[in-house]
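Structural overview
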Amino acid sequence: TAASRVPTLRLVANAMEPLLTLRPQHEWHVHVSHIWSSGQDQAANIKRNLQLMLPGCLVFLDVDDLRDATRLEDYVDQSAGLLL
């Protein structure tokens, strides 16, 4: 499959994939933010590539994961990192 051919990110120190952890208050490792009018395709590609290169990485992308638009700030707060 295509996913099996994508190299994963490895730590320089031991050539292992990084262990991805989350604090109890976080649901995602990273929140991908984008401009609605022009960035949806690029943001989706970023999410897909992060998940391929970092197996187990939980990526929030509004078009996939937003269940309540009035809670957008909560979704950001529940993410360990923010990619703009």
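In what follows, the structure referred to is the one given above.
Residues numbered from 1 in each chain as written. Predicted model: local features only at pLDDT ≥ 70, side-chain atom pairs only at ≥ 80, totals over all residues. Heavy atoms only, no water.

**Re unusual backbone geometry**
Non-glycine residue A15 carries a positive phi angle of around 60 degrees. Along the chain, the position of A15 falls in the loop between α1 (2–5) and β1 (28–32). (Helix = DSSP H or I, 4+ residues; strand = E, 2+ residues; numbered from the N terminus.)

**Section: the nonpolar core**
If you look at the biggest cluster of nonpolar residues, it comprises 7 residues: V30, V32, A43, L54, C57, V59 and L61. Listing elements by their share of this core, those giving two or more residues are β1 and β2 (59–61). Once residues within four sequence positions are removed from consideration, V30 is found in contact with L50, C57, L58, V59, F60, S79, G81, L82 and L83. (Core = buried A, V, L, I, M, F, W, Y, C linked by side-chain atoms within 4.5 Å. Buried < 20%, exposed > 50% of the residue type's maximum accessible area, 1.4 Å probe, protein only. Contact = heavy atoms within 4.5 Å.)

**Points about the packing of aromatic side chains**
Evaluation of the coordinates by the stated rule reveals 3 aromatic pairs. A ring pair is formed by W28 and F60, whose centres lie 4.8 Å apart and whose planes are at 70 degrees; its orientation type is edge-to-face. Within this pair, whereas W28 is found in strand β1, its partner F60 is found in strand β2, the two being separated by 32 residues in sequence. Overall, the relative accessible area of 6% leaves W28 in the buried class. Residue F60 is classed as buried on the basis of its relative accessible area of 0%. Their ring planes at 55 degrees and their centres at 5.9 Å tell us that W28 and Y75 sit as a pair that is tilted. Separated by 47 residues along the polypeptide, W28 in strand β1 and Y75 in helix α4 (residues 72–77) bring together distant segments of the chain. Taken together, the ring pairs in this structure connect W28, F60 and Y75 into an aromatic cluster. Taking the ring centre of Y75 as reference, the NZ or CZ of R71 above it sits at 5.0 Å. (Phe/Tyr/Trp six-rings, centres within 6.5 Å; stacked < 30°, edge-to-face > 60°. Lys NZ or Arg CZ within 6 Å of the ring centre and 35° of its normal.)

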